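# Remarks on the overall topology
Each chain, written out:
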Amino acid sequence: AREEGRRVGSARRAAAPLLAERLVVLLGDLALPGSRVEVEVSDRSAAPGEGDEVELLLSTNPGAPLGGLGKVASGGELSRVMLALRLVLTGGPDVMVFDEVDAGVGGEAATAVGAALARLAEDRQVLVVTHLPQVAAFADQHLKVVKRSDGTTTLTEVEELSDEARVIELSRMMTGQPDSSTARDHAQEL
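We now turn to the structure provided with this report. (Residues numbered from 1 in each chain as written. Predicted model: local features only at pLDDT ≥ 70, side-chain atom pairs only at ≥ 80, totals over all residues. Heavy atoms only, no water.)

## Examining helix α1 (residues 2–29)
Helix length check: α1 (28 residues) gives 40 Å between terminal C-alpha atoms against 40 Å at 1.5 Å per residue, within 8%. Restricting attention to buried positions, one finds in α1 the residues Gly5, Gly9, Ala16, Ala20, Leu23, Leu26 and Leu27. Structurally, α1 contributes buried residues whose contacts are with β1 (36–42), β2 (53–59), α3 (75–88) and α4 (107–120). (Helix = DSSP H or I, 4+ residues; strand = E, 2+ residues; numbered from the N terminus. Expected span 1.5 Å × (residues − 1). Buried < 20%, exposed > 50% of the residue type's maximum accessible area, 1.4 Å probe, protein only. Contact = heavy atoms within 4.5 Å.)

## Here's the deal with α4
For α4, built from 14 residues, the straight-helix expectation of 20 Å at 1.5 Å per residue is met to within 8% by its first-to-last C-alpha distance of 20 Å. Listed in full, the buried residues belonging to α4 are Ala109, Ala110, Val113, Gly114, Ala116, Leu117 and Leu120. Here the buried residues of α4 occupy an arc of 160 degrees about the axis, which is enough to place them on one side. (Arc of directions from axis to C-beta.)

## What to know about the packing of α3 against α4
Their axes nearest at 10 Å, the elements α3 and α4 cross at an angle of 45 degrees. Put simply, α3 runs oblique to α4. Crossing angle aside, the handedness with which α3 passes α4 is left-handed. Here α3 contributes Arg80, Leu83, Arg86 and Leu87 to the contact with α4, which in turn contributes Val113, Ala116, Leu117, Arg119 and Leu120. A per-class count over the contact of α3 with α4 returns six nonpolar, no polar and three charged. (Axes fitted to C-alpha atoms, helices over the stretch in contact; angles between N-to-C directions. Parallel < 35°, antiparallel > 145°, perpendicular 65-115°, else oblique. Left-handed = near helix turned anticlockwise from the far one by under 90°. Nonpolar A, V, L, I, M, F, W, Y, C, P; charged D, E, K, R; others polar.)

## Some points on the pattern of salt bridges
One pass over the full model with this rule turns up 11 salt bridges. With its nearest N and O atoms 3.8 Å apart, the salt bridge here joins Arg6 to Glu3. Here the residue Arg6 and the residue Glu3 both occupy positions in helix α1, the gap between them amounting to three residues, near one helical turn. Overall, Arg6 belongs to the partly exposed group, its relative accessible area being 36%. One continuous salt-bridge network, built from bridges that share partners, spans Arg12, Arg44 and Asp52. (Salt bridge = Lys/Arg side-chain N within 4 Å of Asp/Glu carboxyl O.)

## Considering the pairing of strand β6 (residues 143–149)
Two strands pair when backbone bridges link them, and β6 and strand β7 (residues 154–160) are joined in this way by seven bridges, in the antiparallel orientation. Following the sheet pairing, Lys144 is matched in β7 by Glu159. Counted along the chain from β6 to the antiparallel partner β7, the turn is four residues long, and its residue Gly151 has a positive phi close to 95 degrees. (Pairing = 2+ DSSP bridges.)

## With respect to unusual backbone geometry
Despite not being glycine, Ala31 has its phi angle at roughly 65 degrees, a positive value. Counting through the fold element by element, Ala31 comes out in the loop between α1 and β1. Notably, Glu100 is not glycine yet its phi reads approximately 55 degrees, a positive angle. Assignment of secondary structure puts Glu100 in the loop between β4 (95–99) and α4.

## Let's talk about the environment of Gly28
Tracing the backbone shows Gly28 in helix α1. Given a relative accessible area of 34%, Gly28 falls into the partly exposed group. The spacing of Gly28 and Glu189 is 161 residues in sequence and 25 Å in space, taken between C-alpha atoms.

## Quick notes on the packing of helix α6 (residues 163–175) against helix α7 (residues 181–189)
For any two helices packed against each other, one specifies the inter-axial angle together with the distance between the axes. Closest axis-to-axis distance for the α6/α7 pair is 8 Å, and the angle between their directions is 115 degrees. Here α7 runs roughly perpendicular to α6, going by the angle between their axes. Seen along the crossing, α6 lies across α7 with a hand that is right-handed. Two secondary-structure elements touch here, α6 through Val167, Ile168, Leu170, Ser171, Met174 and Thr175 and α7 through Ala183, Arg184, His186, Ala187 and Gln188. Considering only residue class, the contact of α6 with α7 consists of six nonpolar, four polar and one charged.

What follows is the structure, encoded as structure tokens:
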């Protein structure tokens, strides 16, 4: 058993740099250019050589030290790292939820995040909470969260948008002016 454990540990150590390299490339596409990643493989004292302890170390800013993922990544950065991991690794759950994975990005980077989410959704259900039209435009189905209040009570509802309503919502997301013909043209293009 120990021999097999050491074999697994060696395989983990050999795979760690490749995983880190692939993550860095994807993070650059997901609006985290200049990120550094190290996958640290170590042993528990009770299992020497088995590589049972694996930690992802990250720096998202040039010159910043590497640190544990949970300590150095903001919520949006953490979501993008998880997205990159899911794109690199095989398997995973049938349903994934990303809450504002696009935080702090816009323009071309937002489009890259949307495209990455669409790739991930090819073989599983992906739910995404977003405020960016570039990301929302990649969805197969668009839901809108709406709050309604009568002055006494507030009710939150989720509406499924038709193709026409989706263009209007994307226009609103882009310009705040859902009736703008220019915004609608752009939304239709997205």
